[in-house]
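Observations on the model geometry
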Amino acid sequence: MADCIFCKIVAGEIPSTIVWEDDRVIAFDDIAPQAPVHTLVIPREHHADLSDRMGADLLGALFAAVPKVAEVKGVADSGYRVIVNNGADAGQLVGHVHVHVLGGRRMVPGMLRFEDE
Ligand code: AMP
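Residues numbered from 1 in each chain as written. Predicted model: local features only at pLDDT ≥ 70, side-chain atom pairs only at ≥ 80, totals over all residues. Heavy atoms only, no water.

Points about the packing of aromatic side chains
The relation between two aromatic rings is expressed through the spacing of the ring centres and the mutual angle of the planes. Counted by the stated rule, this structure contains 1 aromatic pair. Plain terms: the ring middles of Phe6 and Phe28 are 5.3 Å apart, the flat faces sit at 75 degrees to each other, and that makes the pair edge-to-face. Here the residue Phe6 occupies a position in helix 1 (residues 5-10), and Phe28 occupies one in strand 2 (residues 25-29), the gap between them amounting to 22 residues. Neither residue differs from the other here; Phe6 and Phe28 are each classed as buried. (Phe/Tyr/Trp six-rings, centres within 6.5 Å; stacked < 30°, edge-to-face > 60°. Helix = DSSP H or I, 4+ residues; strand = E, 2+ residues; numbered from the N terminus. Buried < 20%, exposed > 50% of the residue type's maximum accessible area, 1.4 Å probe, protein only.)

Written as structure tokens, this is what we have:
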């Protein structure tokens, strides 16, 4: 996808700090981390979001990578939060499906904050 920033990372056209990769999935550190560990896990293939023809195999590969990333980043035992912002209301800013893996610091329980609060 020509104008997709994450496709450019997959293609090596813009730099990233790669944490883990295989033939279908690549994980790299978020450029603006919101926790001591903040890594994004994406499919190499372009899919705008989870509703965009994501087959079960690719979804499985995407989520199977998450604990591997947590291991590499050293948060497998301490725990981590996994977030997918899917679509406008969820605050998805980059239109290439991605899983946020966040950890390295104790979080409070609960997770939703709304724009109109
Ligand atoms: P989302 O709101 O779920 O679409 O999150 C997009 C994430 O992509 C944000 O956390 C950004 O900081 C991150 N991001 C944007 N551009 C880059 C980049 N070039 N390298 C790494 N992370 C990026």
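The discussion continues.
Regarding unusual backbone geometry
Its identity is not glycine, yet Arg53 carries a phi of approximately 50 degrees, on the positive side. You can see Arg53 is positioned in the loop between strand 3 (37-43) and helix 2 (56-73).

Remarks on the sheet that holds strand 2
Spatial strand order, 1-2-3-5-4: 5 strands in an open sheet with antiparallel pairing. The two strands at the open ends of the sheet, each matched to only one other strand, are strand 1 (18-21) and strand 4 (80-83). With strand direction ignored, the average angle separating the axes of adjacent strands in the sheet is 20 degrees. Looking at chain direction, strand 3 and strand 5 (residues 99-103) are connected through 5 bridges and run antiparallel. Among the inter-strand pairings, Val37 is bridged to a residue of strand 5, identified as Gly103. The strands touched by helix 2 are strand 1, strand 2, strand 3, strand 4 and strand 5; relative to strand 3, the strand with the most contacts, the crossing angle is about 155 degrees. (Pairing = 2+ DSSP bridges. Axes fitted to C-alpha atoms, helices over the stretch in contact; angles between N-to-C directions. Contact = heavy atoms within 4.5 Å.)

Quick word on the site of the ligand
Residues in contact with the ligand amount to 16 residues; listed here are only the nearest, Asp30, Asn85, Leu93, His98 and His100. Within the backbone of Val94, a nitrogen or oxygen atom sits 2.9 Å from an oxygen atom of the ligand. Mapped by element, the contributors of at least two residues to the shell around the ligand are helix 1 and strand 2. Here the shell around the ligand gets 3 residues from one element, more than from any other, and that element is helix 1. Class assignment of the residues belonging to the shell around the ligand gives a composition of 9 nonpolar, 5 polar and 2 charged. (Near = heavy atom within 4 Å. Polar contact = N/O pair within 3.5 Å; in protein donor to acceptor, adjacent residues only side chain to side chain. Nonpolar A, V, L, I, M, F, W, Y, C, P; charged D, E, K, R; others polar.)

Keep in mind these values describe shape, not function.
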